[in-house]
Amino acid sequence: MDTAVVSNEEFLATVAEKSDGAALRGDYSAADAQYVVKQNWAAYTEEEHALWRRLYKRQEALVPGRACDEFITALAALKASDGIPDFEKTSEALEKATGWRIVAVPGLIPEQAFFNHLANRRFPVTVWLRTPAEFDYIVEPDVFHDYFGHVPLLFDPVFADHMQEYGKGGLKAMKLGGLDYLARLYWYTVEFGLIESPQGLRVYGAGILSSGGELEYCLKNTPSRHIPLNVERCMRTLYKIDSYQETYFVIRDFKQLFEDTAPDFTPMYERLKQVEALPANTLLPGERDLLAGS
Ligand code: PHE
Ligand code: FE
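Bear in mind that the values here come from a model prediction, so they are computed numbers and not experimental data.

S.K.: Outline the overall build of the protein chain, supporting the account with residue identities and numerical values.
M.R.: Of regular secondary structure, the protein chain possesses 13 helices and six strands. In terms of overall size, the protein chain behaves like a compact globule, its C-alpha atoms giving a radius of gyration of 18 Å where 294 residues would be expected to give roughly 19 Å. Each principal axis of the C-alpha atoms in the protein chain carries an extent, and together these give about 55 × 45 × 40 Å. Across the 294 residues that make up the protein chain, the buried fraction comes to 50%. Surface exposure of the protein chain reaches about 14000 Å², of which carbon and sulfur atoms provide 54%.

S.K.: Explain the pattern of salt bridges to me, using residue names and the numbers behind them.
M.R.: All chains considered together, the criterion is met by 15 salt bridges. The residue arginine 130 makes a salt bridge to aspartate 142 at a minimum N-O spacing of 2.8 Å. On the criterion of sequence distance, the pair formed by arginine 130 in the loop between strand S2 (122–126) and helix H6 (143–150) and aspartate 142 in the loop between S2 and H6 is long-range, its members being 12 residues apart.

S.K.: Can you break down a negative patch on the surface residue by residue, with the values?
M.R.: A surface patch of negative charge is lined by Asp69, Glu70, Glu196 and Asp253. Mapped onto the elements of the fold, glutamate 70 is located in helix H3 (residues 69–78). The exposure class of glutamate 70 is partly exposed, given its relative accessible area of 32%.

S.K.: I'd like a description of H3, backed by residues and values.
M.R.: Among all positions in H3, only Phe71, Ala74, Leu75 and Leu78 are buried. Viewed along the axis of H3, the buried residues span an arc of 105°, placing them on a single side of the element. Every exposed residue of H3 that faces more than 90 degrees away from the buried side is listed here: Asp69, Thr73 and Ala77. The elements touched by buried residues of H3 are helix H2 (46–62), helix H4 (87–98), H6 and helix H9 (206–209). Positive phi appears at lysine 79, one or two residues downstream of H3, with a value of about 50°.

S.K.: Requested: an account of the site of ligand 1, with residues and values cited.
M.R.: Neighbouring ligand 1 are the residues His162, Glu165, Tyr166, Gly169, Lys172, Leu182, Leu185, Thr261, Ala262, Pro263, Asp264 and Phe265. At a separation of 2.5 Å, an oxygen atom of ligand 1 approaches a polar side-chain atom of lysine 172. Residue alanine 262 places a main-chain N or O atom 3.3 Å away from a nitrogen atom belonging to ligand 1. If ligand 1 stood free it would expose 330 Å²; the protein chains cover 94% of that surface. Of all the secondary-structure elements, those providing two or more residues to the shell around ligand 1 are helix H7 (157–176) and helix H8 (179–191). It is H7 that contributes the most residues to the shell around ligand 1, five residues altogether. Taken together, the residues that form the shell around ligand 1 break down as six nonpolar, three polar and three charged.

Each value, and the rule that gives it
Residues numbered from 1 in each chain as written. Chains lettered and ligands numbered in written order. Predicted model: local features only at pLDDT ≥ 70, side-chain atom pairs only at ≥ 80, totals over all residues. Heavy atoms only, no water. Helix = DSSP H or I, 4+ residues; strand = E, 2+ residues; numbered from the N terminus. Rg over C-alpha atoms; globule rule 2.2 N^0.38 Å. Buried < 20%, exposed > 50% of the residue type's maximum accessible area, 1.4 Å probe, protein only. Areas by Shrake-Rupley, 256 points an atom, 1.4 Å probe, with all protein chains shown as cover. Salt bridge = Lys/Arg side-chain N within 4 Å of Asp/Glu carboxyl O. Patch = residues over 30% accessible without salt bridge, like charges linked within 9 Å, V, L, I, M, F, W, Y side chains within 5 Å. Lys, Arg positive; Asp, Glu negative; His and termini not counted. Charge placed at Lys NZ, Arg CZ, Asp CG, Glu CD. Arc of directions from axis to C-beta. Contact = heavy atoms within 4.5 Å. Near = heavy atom within 4 Å. Polar contact = N/O pair within 3.5 Å; in protein donor to acceptor, adjacent residues only side chain to side chain. Nonpolar A, V, L, I, M, F, W, Y, C, P; charged D, E, K, R; others polar.

Here you go:
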């Protein structure tokens, strides 16, 4: 993939192709060159705020004993239970804590714009909320996934630094043909990652934290695997986008995530290009499910 900025039309065409012709849902007409829009908080309806409260309540009840402590503490401090939050207020608090801000976007945005935001400590959050029919399951990320799932951990200094490094690494991977590998790492860590705690495994991945079903499922002893994160192994592993994950990668702490992703990935990408990807449910010789027998 080259690093030229794709036009709006090219971007929308690519996404339409990927999702079987279904159009992207957001309104991209008002977006600037970095795909940023105004949140227009006053325009959310009372029905939308009410749906947010229902989503929030369900997840909030599941979080104790499942989400990592860093997430639980930051979520409580956000005071976002009453309705869709005003991004400006969140940005002010976040900027004080870790120097990050959130920016409103119409939905999925091109990789280059996404990485560029992260590399500059800006997290893109979709402005629109799912419909009530999508209470349990939604294909595209909406404001509930992006905000509830991703924003709390941006208050953690180490995780926040990691996200910026990931953004820089994305821009670099675009030039090295490494995007597919880096996307798998993001998927299995930032979206679906588990973390050890003295009390047992906990969740830090936003895709799980914003999901009613998977937040319960992922910590049980099921056919899905729970294995320690090895970066190269993870980048070799295919993932599921339409079912619960068949493998969860577990980190010891955010420092490990930061340090294990710090080395230059160039030689790793070259090695990965030489080998077949592993199916999502692979257990390699010597690997053991951390929850087996529990
Ligand atoms: N260290 C990676 C590289 O050199 C970049 C990166 C950092 C990727 C953090 C992911 C997370 O390409
Ligand atoms: Fe996400």
